[in-house]
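A structural walkthrough
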Amino acid sequence: MRRLVVMMVALSAVVQPVFADDLSAREQDVKQQLAAASNQLTVLDLQMATLEVTVTDTQQRIERERVQVRLLARALYAQPDSVVALVFQSASVAEAVTRIADLTSAGDRAAATKRALDQDLARLSSDRTRLQTARDQASDLKKQLEAQFAKLVAQVVALRTPSPAPAQLPLALTPGSVSAIQQIILDAFASLGAGAQTWALRVGKCESNYNPYAVNRFSGASGLFQFLASTWASTPQHASSPFDPVANAQAAAYLYRTAGPSQWQCR
């Protein structure tokens, strides 16, 4: 069995660096994809900005053409209300025909210009929709890659960070270990006096029978002095495990000193 454990530890030592290297390679791959997605977004943003300028220019051209046609009609014949009025205002039939032809030509020019510019606007609107769709897709891809990259970085950091050494706790409650637990309690309560030490030994026996692994299956209270999770979180030892007998005894001494012995029902 011991040889098997040694072999498993050795295998773990070999596999973990390989896994870490694989994660690093995936991290670099995702990083490159993320850079490519960012570049694509930049290109699409530039294309959309250029397209917006083109749309604005086209709309301005439409307004200029409309103004020019109105000015042309006004300059020719003061924009007559109707063709009949134009005929009566003419000195001769030939002049009336010429005026009608000129206004018809101006109208045709305006209509042709409007059709061409409307076609340009429709094409630009289609291009805008296409670019916006492409940008939305690229933005979604970038967000997915960022989440994947962050996950991979966290995994790599976790693999490269050494795990803290487990607390050295007694493996079994032999008579010798009970004596050691009692000494831990006496040391923790030493500054509070002999009376407090005697009380602590009695409560430790009553609460857990000096078992640092004791857990109340109803309340979840843990350790020598049966701390609830909420109470343990309020002690200076909260960063340690409640199953560490030294930390648990010191936390009990702290609570005894600051809140009194009434915190324990078991006496």
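For the structure, check the block above.
Quick caveat, the model's predicted, so the values are computed rather than measured.

Right, let's get into the layout of surface pockets. One number sums up the size of the largest pocket: a volume of about 170 Å³. Taken together, Glu207, Phe225, Gln226, Phe227, Leu228, Thr231, Leu255, Gln263, Trp264, Gln265 and Cys266 make up the full set of residues lining the largest pocket.

Time to look at the packing of aromatic side chains. Applying the stated criterion across every chain, the model contains eight aromatic pairs. The interplanar angle of 45° and the centroid separation of 4.7 Å between the aromatic rings of Trp199 and Tyr256 together place this pair among those described as tilted. Taken together, the residues span a long stretch of sequence, with Trp199 in helix α5 (residues 194–208) and Tyr256 in helix α7 (residues 245–259) at a distance of 57 residues. Between Phe227 and Trp232, the ring centres sit 5.3 Å apart and the planes meet at 70°, which makes this aromatic pair edge-to-face. The exposure class assigned to Phe227 is buried, which follows from its relative accessible area of 4%. On the basis of relative accessibility, which here comes to 6%, the residue Trp232 falls in the buried class. Counting every residue linked through ring pairs, the aromatic cluster contains Phe189, Trp199, Phe225, Phe227, Trp232, Tyr256 and Trp264.

Time to look at the side chain of Ser208. Mapped onto the elements, Ser208 comes out in helix α5. Reaching out from Ser208, the side chain makes a polar contact with the backbone oxygen of Leu224 at a distance of 2.8 Å. Residues contacting Ser208, with those up to four places away along its chain left out, are Ala214, Gly223, Leu224 and Gln226.

Before going further, it helps to examine α7. For α7, spanning 15 residues, the distance from its first C-alpha to its last is 20 Å, which sits close to the expected 21 Å at 1.5 Å a residue. For α7, the N-terminal capping position is held by Asp244, with its side-chain oxygen 3.0 Å away from the main-chain nitrogen of Val246. Just downstream of α7, Gly260 is the residue with a positive phi angle, here 90°.

Moving on: the nonpolar core. One finds Ile185, Phe189, Phe225, Phe227 and Trp264 to be the most contacted residues of the largest nonpolar core, which totals 20 residues. Elements with a minimum of two residues in this core: α4 (175–188), α5 and α7. By residue number, the principal contributor to this core is α7, which donates six residues. Residues contacting Phe225, with those up to four places away along its chain left out, are Ile185, Phe189, Ala200, Val203, Gly204, Glu207, Asn248, Ala249, Ala252 and Trp264.

Next up on the list: the pattern of salt bridges. Inspection of every chain in the model, using the stated rule, returns four salt bridges. For Arg135, the salt bridge is made with Asp45, and the minimal N-O distance between the two is 2.4 Å. One end of the pair, Arg135, is in helix α3 (residues 93–160); the other, Asp45, is in helix α1 (residues 2–77), and 90 residues separate them in sequence. Given a relative accessible area of 33%, Asp45 falls into the partly exposed group. In this structure, Arg130 engages Asp127 in a salt bridge whose closest nitrogen and oxygen atoms are separated by 3.9 Å. Here Asp127 and Arg130 lie together in helix α3, a separation of three residues that amounts to about one turn. One network of salt bridges, in which partners are shared, links Arg123, Asp127 and Arg130.

What counts and what doesn't
Residues numbered from 1 in each chain as written. Predicted model: local features only at pLDDT ≥ 70, side-chain atom pairs only at ≥ 80, totals over all residues. Heavy atoms only, no water. 1 Å grid on protein atoms, 1.4 Å probe; cavity = no way out; pocket = protein on both sides within 12 Å on 5 of 7 lines; lining within 4 Å. Points joined across faces, edges and corners; volume = space filled by probe spheres on them. Phe/Tyr/Trp six-rings, centres within 6.5 Å; stacked < 30°, edge-to-face > 60°. Helix = DSSP H or I, 4+ residues; strand = E, 2+ residues; numbered from the N terminus. Buried < 20%, exposed > 50% of the residue type's maximum accessible area, 1.4 Å probe, protein only. Polar contact = N/O pair within 3.5 Å; in protein donor to acceptor, adjacent residues only side chain to side chain. Contact = heavy atoms within 4.5 Å. Expected span 1.5 Å × (residues − 1). Core = buried A, V, L, I, M, F, W, Y, C linked by side-chain atoms within 4.5 Å. Salt bridge = Lys/Arg side-chain N within 4 Å of Asp/Glu carboxyl O.

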